[in-house]
Amino acid sequence: MRRVTALLLTAFCLLPLSTQAAHATGYRYWSFWDRTGSTWTYATQGPATAVPSDGDVQGFRFAVSEDSSDATKPRGTASFTTICADTPTEHGKKRVALVIDFGTQQDAPSGETPPALRTTCAVVPEDATTAEALASVAKPLRYDTNALLCAISGYPEQGCGEPVASGKKEASAKKETKNDSGPSVGLLAGSAAVATLAAAAIWQTRRRRSAQR
């Protein structure tokens with residue numbers, strides 16, 4: 001009987017573990033965006049290699065996201081003419097409108113508070129990269145050893161692309177099941193494990209009783 005109890009306990013312990021597979025992990029980092037009209041598009045190059053033109057609008061957003069398809073876009077609707085309205089043209093230079101969205105408290109590292117969203121007009125040489133434009137208006141910047149942008153204007157103070165649990169990702173995982181109103185894949189897998197081990201326990205009990213007869 002003790003063996004049966006142990007097997008059943010093992011089965012029920014597997015249930016919560018199996019549901020953890022539905023909980024995805026995101027990464028806390030600065031994403032980089034291009035804007036055409038009112039549409040933000042995830043940049044195809046990094047800020048260190050992208051070379052914007054005069055009149056371009058580019059954005060940065062700090063948030064927890066799983067990948068580029070899941071990344072959170074910068075907020076705000078300011079256009080180039082609005083951001084750079086008071087910045088005159090200069091010979092041999094270009095103006096790049098930057099939207100710097102430090103994100104929400106929910107995505108902030110523990111103990112830190114995100115600054116308010118900023119828009120600024122960077123005036124840089126015509127061949128300057130986005131990283132150089134950003135450095136001209138939002139120092140200090142912080143990068144890791146792989147040249148990943150870790151902080152803008154000193155935010156966040158620590159960390160760089162670290163994995164974090166994301167409630168939003170958990171909700172996304174539930175949507176991947178065939179029926180949102182039904183049980184998740186993880187729950188079904190756990191239930192199957194419980195049923196299998198319970199059946200094994202009952203079979204062993206009956207076998208032992210037959211042998212004793």
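Scroll up to find the structure.
Residues numbered from 1 in each chain as written. Predicted model: local features only at pLDDT ≥ 70, side-chain atom pairs only at ≥ 80, totals over all residues. Heavy atoms only, no water.

Colleague: Run through the pairing of strand β3 (residues 57-65), naming residues and quoting values.
Modeller: On a regular strand, one side chain projects to one face of the sheet and the next to the other, so that they alternate. Of all nine residues that make up β3, nine are buried, and the element is covered over most of its length. The two faces of β3 match: Val57, Gly59, Arg61, Ala63 and Ser65 on one face and Gln58, Phe60, Phe62 and Val64 on the other face are all buried. Looking at chain direction, strand β1 (residues 25-36) and β3 are connected through nine bridges and run antiparallel. Within β3, the residue paired with serine 31 across the bridge is arginine 61. As paired elements, β3 and strand β4 (residues 93-101) share five bridges and run parallel to each other. Note on β4: the bridge partner recorded for valine 57 is alanine 97. (Buried < 20%, exposed > 50% of the residue type's maximum accessible area, 1.4 Å probe, protein only. Helix = DSSP H or I, 4+ residues; strand = E, 2+ residues; numbered from the N terminus. Pairing = 2+ DSSP bridges.)

Colleague: Can you explain the pattern of salt bridges? Please cite residues and give values.
Modeller: In total, this model carries five salt bridges according to the counting rule given. A salt bridge links aspartate 101 to arginine 61; the nearest nitrogen and oxygen atoms lie 3.4 Å apart. A residue pair is termed long-range when its members are at least 10 positions apart, and aspartate 101 in strand β4 and arginine 61 in strand β3 qualify at 40 residues. Pair check on accessibility: aspartate 101 and arginine 61 agree, each one buried. With a closest N to O distance of 2.7 Å, aspartate 101 and arginine 75 form a salt bridge. One end of the pair, aspartate 101, is in strand β4; the other, arginine 75, is in the loop between β3 and α2 (80-83), with 26 residues separating them in the sequence. On the basis of relative accessible area, arginine 75 is assigned to the partly exposed category, the value being 37%. By sharing partners, the salt bridges in this structure join Arg61, Arg75 and Asp101 into a single network. (Salt bridge = Lys/Arg side-chain N within 4 Å of Asp/Glu carboxyl O.)

Colleague: Describe the packing of aromatic side chains, naming the residues involved and giving the relevant values.
Modeller: Considering all chains together, one arrives at six aromatic pairs under this definition. The interplanar angle of 80 degrees and the centroid separation of 5.5 Å between the aromatic rings of tryptophan 30 and phenylalanine 102 together place this pair among those described as edge-to-face. With tryptophan 30 in strand β1 and phenylalanine 102 in the loop between β4 and β5 (118-125), this residue pair connects regions lying 72 residues apart in the sequence. For tryptophan 30, a relative accessible area of 5% translates into the label buried. (Phe/Tyr/Trp six-rings, centres within 6.5 Å; stacked < 30°, edge-to-face > 60°.)

Colleague: How would you explain the side chain of serine 65 if you had to name every residue and give the values?
Modeller: Residue placement: serine 65 occurs in strand β3. By relative accessible area, serine 65 is classed as buried at 2%. In terms of polar contacts, serine 65 uses its side chain to reach the side chain of tyrosine 29, at 3.1 Å. (Polar contact = N/O pair within 3.5 Å; in protein donor to acceptor, adjacent residues only side chain to side chain.)

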